[in-house]
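So the chains spell out like this:
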Amino acid sequence: MSQPASLLAAVLLPPSAAPGGVTPGDLSAARAQMGFSLAWHIVVACLGVGLPLLTLAAEWYGIRTGNPAHRLLARRWARAMGVLFAVGAVSGTILSFEMGLLWPGLMGRFGQVIGLPFALEGIAFFIEAIFLGIYLYAWDRLPPRLHLLTGVPIVVAGILSAFFVVCANAWMNQPRGYTLRGGRVVHVDPWAAMLNPASPPQSVHMVLAALVVSSFLTASVYAVALLRGRRDTYHRTGFFIPFVLGAVVTPFQLVAGDWAARFLAHFRPTKLAAIEGVFHTHSHVPLTVLGFADGDRLRYGLEIPDGLSLLVGYRPSTVIKGLDRVPREDWPTVTSVHLSFDVMVGLGCFLLLMGVWLLLAWWWGRRTGTAPLAVRGTRLFLLLAAVAGPAAVVALECGWCVTEFGRQPWVVWGVMRVRDAVNPAPGLMTGLWLVLFVYAAMTTAAVYVLRRMTRDTPVPVAPQESDVEEYPVA
Amino acid sequence: MLADLTLAVTWAGLTCYALFAGADFGAGFWDLLAGRDTRGLPQRRFIEHSIGPVWEANHVWLIFVLVLLWAGFSPVFAAVLSTLYIPLTLAALGIIARGAAFAFRKASVELWQQRLFGACFALSSVLTPFFLGTVAGGVASGRVPAGIAAGDTVTSWANPTSFLGGVLAVLACAHLAAVYLCQDAARGGDAALAAQFRRRAVLSGLASGVVALAGIAILHEDATVLFHGLTHRALPLVVVSAVAGVAGLVLLVRDHFVWARAVAALAVAAILWSWGAAQYPNMLVPSTTVSDAASTDAVLAACLISLAVGFLLLVPSLWLLYATFQREQPAHADAGTDSTG
Ligand code: HDD
Ligand code: HEM
Ligand code: HEM
């Protein structure tokens, strides 16, 4: 997860003492463990935000059409929601442990500053749990429209959860709302800390990403089924509902990404410089696509002359602040930040094009009177749609790599370095291996069992299946 | 004032975790002892069915405690988690393994898979409360000093008081679960199963009592501050716990399962609160008090007010949840009911 080379070096080289007794190996281990668990959690969390919306859409559609296939779809998704909810709770529990186990320096000093958003997230989560219980349990017990209504709080609470945690991350990027005296936090304005300037762009971009990821991921499951020739209503609707949602949200997502980048140009020029590989402050800065950092420049990249200056200030003469404005030891690792960014943007554009393709196919279908997905090129489209789900996940992970690697070497930007936050106790490397082992064993088992379940029909489709009717969480 | 209130709320959350998740863990304990494959099957089925609906949702309480600790008492959170990171990492891994294995066992068809996942589920159900108990023992016996990773990473949890805490936690979970399962079985009309779990509830209750008595000697030697507190300020709560424990056994023997449930919960809660009362106002023995560790009033007030508002939202939602459960399912089943592949 963190730069593999440095991790490898940390594993292979003998540990040399660093300030505070923290070995570089332990520091890398802690970073890798945190990054790994977060990268795992974020996928589930995104589905926790997006899937309820999709389920409600399917249910509403099912009520309108009265078609059992649509209603079955809603049921299936609701069931997956129940499972994902439990998985999200477990992986989230691990995260709250890790904040203290791995980063006691951060939590000991600033825990109270970012405590509020997490407390609020807990409440949102609780409400989500309760309404999930009502929604799953009340399926046959409430009139359809009323039942639909009980699902709305799940969606709202899910979005709020995401907003709150991202506020905590945004604070690490734009620390506000506290006074330090003699290394101790003496005065805190928790609301100012939570609603810092980075919160709006980051949380909007994040919530949209959650929708994009869950839409395309769900659609890709049905794209595979369609490719295998199962073109009945059930699979077609299962494909179209999420794919259309994804196609609608993606343009907004790109606009929000642009907002996030402009925000950085104003508030965090160093991060933008790392993202774009700008080493020297000057005007007429080109936009470099791909490329590796080599000394003080990017090599092997594709340069668009004046591109970045134009993007940021709409004029080629716009001056872009480079990395040279801060000491070298405060530079993030340019290559990983830059490449992650390019992959995210590239995949974002790919998703946008998929939406455009669907629009064109639909328009063409209307003109020629053929049903959508009955025209030529459909196979290629479905193949790419099947790839789009994993692609959205990769974009999501890369986005987080931009944010997190781009903040290095700070854990709280400009205030606390990562190495001052890490737990100085020995043995973090062992902990990392243990955690990796357990996650790997779990993932293997999950894949194995899930695959078996699709083969043996009598077996429950999901662990919660027999309980859907009686699933009173809390 | 605000700090004490926050601590009380945190402790209430801890009590909920001990009672609700404790019963879940304990169910895993009985799963472990249910006997070989075919003989143990009916019990395993029953246990699975009883805890199935709540599954992992009870960890919400643990998260609640962790978040309030870090928001309200950041230095204590940092000190405890950094010094005791070994048992806490193991407990965290236990939580993952347990949740995953439970789900997988339910989904798997072949015997060897069910055995593997079952063993994983049951073992982690026992080890997780054990490690959490050792953490409590480490804090209670004053082995976690203020500061980051300032205590010994091994002896802070490998010591007599921690061991006592671990064993007591496992036994208390087992007892809670057995009492809960008794009532479930009785309500389900399965007298044989109810009798089986009644025997287990009595046995685990007696075992907890014996260990607690032996614990007095251990605490006298190993955790003098805690011992003093338990025998002075916290004495009424200790007495409540003991009386409730005995009363619970009597109620069990007389088949008053509903009451036995409430009383067993009271006994366990009283242990937790007597620990808190014995140690107060120290959060870390001997010298970090609640007011030393507390966050600024602005943070505490913001968190408490948010929780209060959240509570106001939660009450009607919970009411709605229970109201829905009371509704009968209409006769005409929904066409969407799932049965196709
Ligand atoms: C489906 C996922 C997805 C897609 C298609 C995009 N992003 Fe993104 N991006 C994320 C998912 C994401 C994210 C994972 O959600 C991040 C990480 C932190 C955050 O708030 O959002 C993120 C962060 C992030 C940041 C860093 C923000 C910061 O550190 O403060 C920038 C500058 C952009 N994005 C810009 C873009 C641009 C210009 C895109 C397309 C043209 C784009 N993103 C597409
Ligand atoms: C929203 C809340 C989040 C918070 C509060 C948060 C917090 C942290 C903290 C405290 C660290 C360790 C310090 C550091 O290395 O800078 C860290 C590192 C990291 N996080 Fe995040 N994180 C969040 C979201 C995410 C997500 C969703 C991902 C991944 C998909 C992620 C990926 C990483 C990675 C890869 C690292 C290691 C970075 C490095 O060491 O270079 N983070 N995060
Ligand atoms: C951008 C990053 C994150 C997002 C969007 C996010 C979102 C969510 C969501 C939606 C859930 C509910 C689970 C579900 O509905 O399936 C959840 C659970 C949880 N998350 Fe995350 N999360 C993020 C990062 C983090 C981080 C960094 C932490 C670290 C402490 C964390 C802690 C938790 C916890 C403790 C839970 C369990 C439920 C609860 O809050 O009570 N999350 N998260």
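Here's a quick rundown of the structure. Residue numbering note: each chain is counted from 1, following its sequence as written. For this description, chains carry letters from A and ligands carry numbers from 1, given in the order in which they are written. Local features in this predicted model are restricted to residues whose pLDDT is 70 or higher, and side-chain atom pairs enter the listing and the counts only when it is 80 or higher, whereas totals over whole chains, interfaces and linings include all residues. Excluded from the side-chain calculation are hydrogens and water; included are all heavy atoms of the structure.

### Focus: the overall build of chain A
The criterion, for reference: Secondary structure elements are taken from DSSP: a helix is a run of H or I of four residues or more, a strand is a run of E of two residues or more, and numbering for both begins at the N terminus. Buried, partly exposed and exposed residues are distinguished by accessible area as a fraction of the type maximum, computed with a 1.4 Å probe on protein chains only: under 20%, between the cut-offs, and over 50%, respectively. Two residues form a contact once any of their heavy atoms are found within 4.5 Å. Using a 1.4 Å probe, accessible areas were evaluated by the Shrake-Rupley method; residue-level cover was limited to the displayed protein chains.
For chain A, the count of helices and strands is 15 helices and eight strands. For chain A, the proportion of its 474 residues judged to be buried stands at 57%. Pairs at least 24 residues apart make up 77% of the contacts formed inside chain A by residues separated by at least 6 positions. Summed over all atoms, the accessible surface of chain A reaches about 19,500 Å², with 68% contributed by carbon and sulfur.

### Here's the deal with the site of ligand 1
Residue and element names in this part refer to chain A. What counts, and what does not: Throughout this document, a residue counts as near a molecule or strand when at least one of its heavy atoms sits within 4 Å of that molecule or strand. In protein, a polar contact requires one atom able to donate a hydrogen and another able to accept it; more generally it is a pair of N or O atoms within 3.5 Å, and residues adjacent in sequence count only if both atoms are side-chain atoms.
As a matter of local geometry, ligand 1 sits amid 23 residues, with His 205, Lys 271, Met 344, Leu 396 and Thr 403 nearest to it. Note that an oxygen atom of ligand 1 is positioned 3.2 Å from one of the backbone N or O atoms of Gln 202. For ligand 1, a nitrogen atom lies 2.8 Å from a polar atom in the side chain of His 205. Every element with two or more residues in the shell around ligand 1 is listed here: helix 8 (199–227), helix 9 (233–267), helix 12 (334–368) and helix 13 (378–407). Looking at the shell around ligand 1, the element that brings in the most residues is helix 9, giving seven residues.

### Some words on the coordination of the iron atom of ligand 1
All names here are of chain A. Note the threshold: With water excluded from the atoms, a metal site may look incomplete; its donors are any N, O or S atoms within 2.8 Å, or within 3.2 Å for Na, K and Ca. Just to be clear on the cut-offs, tetrahedral is four donors with all angles between 85 and 135 degrees, square planar is four donors and octahedral six with opposite donors over 155 degrees apart and all others between 65 and 115, and anything else goes down as irregular.
Distances from the iron atom of ligand 1 to its protein donors, namely His 205 (NE2) and Met 344 (SD), fall within the range 2.1 to 2.4 Å. Geometry at the iron atom of ligand 1 is octahedral, judged from the six donor atoms that bind it and their angles of 81 to 179° at the metal. Remark: Met 344 occurs in helix 12 and His 205 occurs in helix 8; sequence separation between them is 139 residues. Across the pair, exposure class does not vary: His 205 and Met 344 are buried alike.

### A few points about the coordination of the iron atom of ligand 2
If you check the protein contacts of the iron atom of ligand 2, you find one donor only, A:Glu404 (OE), at 2.6 Å. Looking at the element boundaries, A:Glu404 is found in helix 13.

### Looking at the pairing of strand 1 (residues 178–181) of chain A
All names here are of chain A. Filter applied, for reference: Here, a strand pair is defined by DSSP locating no fewer than two bridges between the strands.
Sheet analysis places strand 1 next to strand 2 (residues 184–188), joined by four bridges and oriented antiparallel. The residue bridging Leu 180 from the neighbouring strand is Val 185, located in strand 2. Linking strand 1 to strand 2, which pair antiparallel, is a turn of two residues; within it Gly 182 sits at a positive phi near 55°.

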